[in-house]
Amino acid sequence: MVVDGQLVTKITRMMAVKNATRKVLVGWAKVSQRYLSSAANCKHNHRSESQILLSPPLVSLDLPEIWGSDSTNHDPHQPPSSITRSKVIDGKSIAEEIRSRVGVDVKRMKESIGKVPGLAVILIGQRRDSLTYVRNKIKACEEAGIKSVLAELPDCCAEEDVMTALLKFNEDPSIHGILVQLPLPEHLDEEKILNVVSLEKDVDGFHPLNMGNLSMRGREPLFVPCTPKGCLELLIRSGVEIVGKKAVVIGRSNIVGLPISLLLQAYFIYIVGQRHHATVTIVHACTRNPEQITCKADIVVTAAGVPNLVRSSWLKPGAVVIDVGTCPIEDPSAEYGYRLVGDVCFEEALRIASAVTPVPGGVGPMTIAMLLCNTLDSAKRLYGFT
C-alpha cells in the first residue's frame, strides 16, 4: 500500500487545527469562569433602566482568545493608593445629544428635498440578544425619523436567502444603510455574506475596502465602524487630549480592537475637525506582562470580553478608561437575574482613573448613535445634501 505523504501531512495539519481550536474554547471557558467568580467583588450601581443589553458583545464575535490568569501583582485585599473619585463618562447623555442632532438633520432633509435616510436590518434566527439589539436600533431610527426595514430570516435559512435579501436592499434607492446582525448561525459564511453589502451602504464599516482605507495613510473610508467611532467621540467630547499620548488597546478584534487602534493613531479631518496621533500599543492574550504595559498608558480602551480583567494595578493614576466589554453575569438580586459588567473593575477604576465609562451606559448607547450618524451621512452623500 502506497501512502500519499502530502495527504498525511494535510490530515495531520487538520487534526492539529481541530485540537488547537478545542483547547482555545476549553481554555476560554475556564478563564471566563475564573473571572466570573471574582466579579461579585467588583459590583457597581450602574444598572440598565429599561434595556438588558445596551450593545452587542462585540468582542465575542471573533475567535475568543485565552487570557492569562488574574494579575500576579494585584492583591485583592490591598486598596488602591489613590482615593480620588474619577469622572464617569456618561455615554447615554452624549448619545442622546447626538441622536437629537441627527433627528434635526433628518427633519431638515425631509422638509428640503422630501427624502429621509433609510436603514435595512437583516436578522437571522431568534437569538435573544440579537432580538434586543435589533429592537433598540429600530426604535432609535423611529425616534430620529429614519426609515427602517427589517428582514427576518429563520435560523435554518440558506446563504442564497441572505444574499437575495442583501441584493434587494443594495438596489433599493430608499435604503442608504444595510446592517447584517451578527453573529450569524454557524452554517453561514460571515465573510462571504458581509462582502455582498454595497460599499456605499456599509454603515457598519466592515467592508474590506472601508477597513483598508481606514488603515492606509492618506485614505478615508466611507464609513468608520460604529463602536470604535463612538469610543473616539466619547474621548473628544470629554475633552481628553489624544495627540502624543500613550494609548493601550486591549483586544485585537476586527470589530473593535483593530479599528480603534487605527483611529487613535490618525483620525480623519472630515469627521472631527482635527487629527489625533497617539502612540498606540495593542495588548492581546499572547502579550507578555500585559499589566505592566497597560499601567503606563494615558488612555486605555479595552475590548477583551473578560469580566473584570482590568484591575486597579493595571491603570496609571489619571488615565482615561473606555470600557467596551459587555458581559452578563448572574445576580439574583438584579431585576432580570443578571447584571452587566465590563472588562474593567469599575469601582477600582473610579479610584485610579481620571475618567471612566460605565457598563452599561457608556460605549453601548454610542454604538447606536454612530449607526444613525453613518446612515444619515450615507443619505447626505447620495443626495448631495449638506
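Described below are features of the structure shown in this document. (Residues numbered from 1 in each chain as written. Predicted model: local features only at pLDDT ≥ 70, side-chain atom pairs only at ≥ 80, totals over all residues. Heavy atoms only, no water.)

1. Quick look at the sheet that holds strand E5 (residues 246-250)
Turning to step 1, where the next piece is worked out: An order of E1-E11-E8-E7-E5-E6 is seen for the six strands of this open sheet, with the pairing classed as parallel. Sheet topology places strand E1 (87-88) and strand E6 (279-283) at the edges, where each strand pairs with a single neighbour.
Turning to step 2, where the next piece is worked out: Of the strand pairs in this sheet, E5 and E6 are connected by five bridges, and their pairing is parallel. Paired with lysine 246 across the bridge in E6 is threonine 279.
Turning to step 3, where the next piece is worked out: Packed onto the sheet, helix H8 (residues 257-265) meets E5, E6 and strand E7 (299-302) and runs at close to 170° relative to E5. (Pairing = 2+ DSSP bridges. Helix = DSSP H or I, 4+ residues; strand = E, 2+ residues; numbered from the N terminus. Contact = heavy atoms within 4.5 Å. Axes fitted to C-alpha atoms, helices over the stretch in contact; angles between N-to-C directions.)

2. What to know about the packing of helix H2 (residues 91-113) against helix H3 (residues 128-144)
Each pair of packed helices can be described by the angle between their axes along with the distance between the axes.
Turning to step 1, where the next piece is worked out: Between H2 and H3, whose axes approach to 8 Å, the crossing angle comes to 50°. On the basis of the axis angle, H2 is oblique to H3. Mapping the contact onto sequence places Arg99, Val102, Gly103 and Val106 in H2 and Ala140, Glu143 and Ala144 in H3.
Turning to step 2, where the next piece is worked out: For the contact of H2 with H3, the residue count by class is four nonpolar, one polar and two charged. (Parallel < 35°, antiparallel > 145°, perpendicular 65-115°, else oblique. Nonpolar A, V, L, I, M, F, W, Y, C, P; charged D, E, K, R; others polar.)

3. Brief notes about the sheet that holds strand E4 (residues 177-180)
Turning to step 1, where the next piece is worked out: Taken together, three strands build an open sheet; the order of strands is E3-E2-E4 and the sheet is parallel. At either margin of the open sheet sits one strand with a lone partner, and together these are strand E3 (147-153) and E4. Across the sheet, the mean angle from the axis of one strand to that of its neighbour is 15°, orientation sign disregarded.
Turning to step 2, where the next piece is worked out: Examined bridge by bridge, strand E2 (residues 118-124) and E3 share seven bridges and lie parallel to one another. Residue pairing across strands places isoleucine 124 opposite leucine 153, the latter belonging to E3.
Turning to step 3, where the next piece is worked out: Packed on one face of the sheet, H3 meets E2, E3 and E4 and runs near 170° to E2.
Turning to step 4, where the next piece is worked out: Across the sheet, helix H4 (residues 159-171) is in contact with E2, E3 and E4; its angle to E2 comes to roughly 180°.

4. Considering the environment of valine 149
Turning to step 1, where the next piece is worked out: Its location among the elements puts valine 149 in strand E3.
Turning to step 2, where the next piece is worked out: Taking the C-alpha atoms as reference points, valine 149 and alanine 120, separated by 29 residues in sequence, lie 4.7 Å from one another.
Turning to step 3, where the next piece is worked out: Once you skip the residues sitting within four places of it in the chain, valine 149 turns out to touch Leu119, Ala120, Val121, Phe169 and Ile175.

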